[in-house]
Amino acid sequence: MLILNAAVNGLPYTLTGDNLEQTFQVNHLSHFYMTLLLQKALIESAPSRVVVVSSESHRFSTINEKNITTDWRY
């Protein structure tokens, strides 16, 4: 399984060294490129999955040092 979670948000307009807009490159092209680089391995390890996630949900988390646990059973 390949989980793609790279993202930036709210950056000023900036061009990368290869003349692409930075937010677009990180949020979209990097996922596409990483998948292409790993395509052979993903096919050879079939069944495989590619999951692309993006959100700002972490900003609304109630997890803190007092209630965090490694027990994920609810």
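Every value quoted in this text rests on a predicted model; they were computed, and no experiment measured them. (Residues numbered from 1 in each chain as written. Predicted model: local features only at pLDDT ≥ 70, side-chain atom pairs only at ≥ 80, totals over all residues. Heavy atoms only, no water.)

1. What to know about the overall build of the chain
So, step 1. Within the chain, the secondary structure is distributed over one helix and two strands.
So, step 2. Counted from the first residue to the last, the chain has its helices and strands arranged as β-α-β.
So, step 3. Every one of the 74 residues in the chain was classed for burial, and the buried ones make up 7%.
So, step 4. Considering only contacts within the chain whose residues lie at least 6 apart along the sequence, 49% involve residues at least 24 apart.
So, step 5. Of the roughly 6600 Å² of accessible surface on the chain, a fraction of 60% belongs to carbon and sulfur atoms. (Helix = DSSP H or I, 4+ residues; strand = E, 2+ residues; numbered from the N terminus. Buried < 20%, exposed > 50% of the residue type's maximum accessible area, 1.4 Å probe, protein only. Contact = heavy atoms within 4.5 Å. Areas by Shrake-Rupley, 256 points an atom, 1.4 Å probe, with all protein chains shown as cover.)

2. Some points on the environment of serine 54
So, step 1. Of note, serine 54 is situated in the segment after β2 (50-52).
So, step 2. In this structure, the C-alpha to C-alpha distance between serine 54 and alanine 7, residues 47 residues apart in sequence, is 7.1 Å.

3. Focus on helix α1 (residues 22-44)
So, step 1. In this model α1 runs 32 Å from its N-terminal to its C-terminal C-alpha over 23 residues, within 8% of the 33 Å that 1.5 Å per residue would give.
So, step 2. Bending of α1 peaks at approximately 55° at the position of leucine 38.
So, step 3. Buried within α1 we find Asn27, His31 and Leu42.
So, step 4. Among the structural elements, β1 (2-4) and β2 are those in contact with the buried residues of α1.
So, step 5. Two or three places before threonine 23, at the start of α1, stands the capping residue glutamate 21, its side-chain oxygen 3.1 Å from that residue's backbone nitrogen. (Expected span 1.5 Å × (residues − 1). Bend = angle between axes of the 7 residues up to and from the residue. Polar contact = N/O pair within 3.5 Å; in protein donor to acceptor, adjacent residues only side chain to side chain.)

4. Here's the deal with the side chain of asparagine 27
So, step 1. Within the fold, asparagine 27 resides in helix α1.
So, step 2. Beyond its immediate stretch of four places on either side in the chain, asparagine 27 contacts Ala6, Ala7 and Val8.

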